[in-house]
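Chains, contacts and geometry: an overview
Take a look at the letters that make up each chain.
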Amino acid sequence: MTVGLGGCNLFAPKSSNAPEVAVGPAGTIAVSEMGGRLGLTVQQNSAHSATMGNRFNSVVFFADPGGLAYVNGREVGEKGGLVVVGEMMYVPESLEQEIRRALQTRARVVSPPKRSPPAKRSPPLAWTSQLKYGPVVIDAGHGGRDPGASYYGYREKDIVLDVALMVSEILRASGIDARMTRGTDTFIELNDRAALAREVGAKLFVSLHCDAAPNRRARGFTIYAPRDRMRQASSFAAAMERSMLTTNMASRGIRAAGFRVLVRTKCPALLLEMGFLSNRYDARLLASKSYQRAVARAAADAVTAYLTK
Ligand SMILES: [Zn+2]
């Protein structure tokens, strides 16, 4: 793990001017219009998904299957009603009130000392045929007899599993075939993690970790790409960094590394250190559901953007 102080390129929200003038089906409004009404900055807007947010909130719309809206990782409104016309996504006007109710007005940092309730299981089999993109392998680091970093009562293996479950759930909800190297607290050899990615013909591989350093002031997230295939992973890494900056965690940059899970995969692969468990502040964030959800959304957004571009 790396030693040193984190960077200070804190997330600066972009201003959303230049409203789009476009007409959608009755009862719907353009994503940019919805952002304007809610006072949220549109960060990404494609025919497949759109994200908007502010310092404390993130709203995600998925066009498939039939339309889903998430506020801070929680589904809001009825399924369906999202319409794509050309490259523009239109969302039901009625969602405005539901989203507004779900928005947070300040950061909520909870520090649950205990294990959180298990995330939802995989979606029903009927969904499988609708998974149009992928497969993508989401790798929760460590597990079982290998707890990973352990500080302030938090264990890396628990945090990364929770986030990995959330990432997979969001991806499947948006039609992406997400596979996990582990969905429970089990030990898996590094070689087997990479082998799974090769066996299923993964299009992308993302390994989730928490950092640790002797210097307890070290903070921030770091993205590692395979040092022998930096070029292959570079655009995915850049998408991941952009997406992760929306969590307000500072970036320590994109770095080359020889980690086995990276080197032995064939597809574009990244290892994401989501923050420092050895830093008291980062540890509290990493253990909080709100930051976990934000990271899960950021990682899922980067995967979605890459696969659907
Ligand atoms: Zn780790």
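Placed above this text is the structure.
No experiment lies behind these values; they were computed from the predicted model shown.

1. A word on the sheet that holds strand β8 (residues 88–92)
If you walk across this open sheet you meet the three strands as β1-β8-β7, and the pairing is antiparallel. Lying at the two open borders of the sheet, with one neighbouring strand each, are β1 (28–30) and β7 (83–85). The sheet shows a mean angle of 35° between the axes of neighbouring strands, taken without regard to direction. In the sheet, β7 pairs with β8 via three bridges, with the strands oriented antiparallel. The residue bridging V83 from the neighbouring strand is Y90, located in β8. Set on the sheet, helix α1 (residues 31–38) makes contact with β1 and β8; between it and β1 the angle comes to about 90°.

2. Notes on the coordination of the zinc ion
Surrounding the zinc ion are the protein donor atoms H142 (NE2), E156 (OE) and H209 (ND1), at 2.0 to 2.1 Å. The motif formed by the donor residues of the zinc ion, counted along the single chain, is H-x13-E-x52-H. Placement of H142 in the loop between β9 (133–140) and β10 (150–151) and of H209 in strand β13 (residues 204–211) is noted, with a sequence separation of 67 residues between them. The same class applies to H142 and to H209, which are both buried.

3. Section: the pattern of salt bridges
In the structure shown here, the tally under the stated rule is 10 salt bridges. The shortest N-O distance in the salt bridge between R37 and E93 comes to 3.0 Å. Taken together, the residues span a long stretch of sequence, with R37 in helix α1 and E93 in the loop between β8 and α2 (95–102) at a distance of 56 residues. Salt bridges sharing common partners tie together E33, R37, E93, E96 and R100.

4. Details of the sheet that holds strand β16 (residues 269–276)
Strand order in the open sheet made by the six strands is β12-β9-β13-β16-β14-β15, with mixed pairing throughout. Each of the sheet's edge strands pairs with one partner strand only, and the pair in question is β12 (176–180) and β15 (251–257). Pairwise comparison of adjacent strand axes, ignoring direction, gives a mean angle of 20° for this sheet. Where β9 lies against β13, five bridges are found, and the strand directions are parallel. Considered in β13, the bridge of D139 is made with S207. Running over the sheet, helix α3 (residues 156–173) touches β9, β12, β13 and β16 and is turned about 160° from β12. Lying on the sheet, helix α8 (residues 289–308) is in contact with β9, β12, β13 and β16; it crosses β9 at an angle near 145°.

About the thresholds
- Residues numbered from 1 in each chain as written.
- Predicted model: local features only at pLDDT ≥ 70, side-chain atom pairs only at ≥ 80, totals over all residues.
- Heavy atoms only, no water.
- Pairing = 2+ DSSP bridges.
- Helix = DSSP H or I, 4+ residues; strand = E, 2+ residues; numbered from the N terminus.
- Axes fitted to C-alpha atoms, helices over the stretch in contact; angles between N-to-C directions.
- Contact = heavy atoms within 4.5 Å.
- Donors = N, O, S within 2.8 Å, 3.2 Å for Na, K, Ca; no water.
- Buried < 20%, exposed > 50% of the residue type's maximum accessible area, 1.4 Å probe, protein only.
- Salt bridge = Lys/Arg side-chain N within 4 Å of Asp/Glu carboxyl O.

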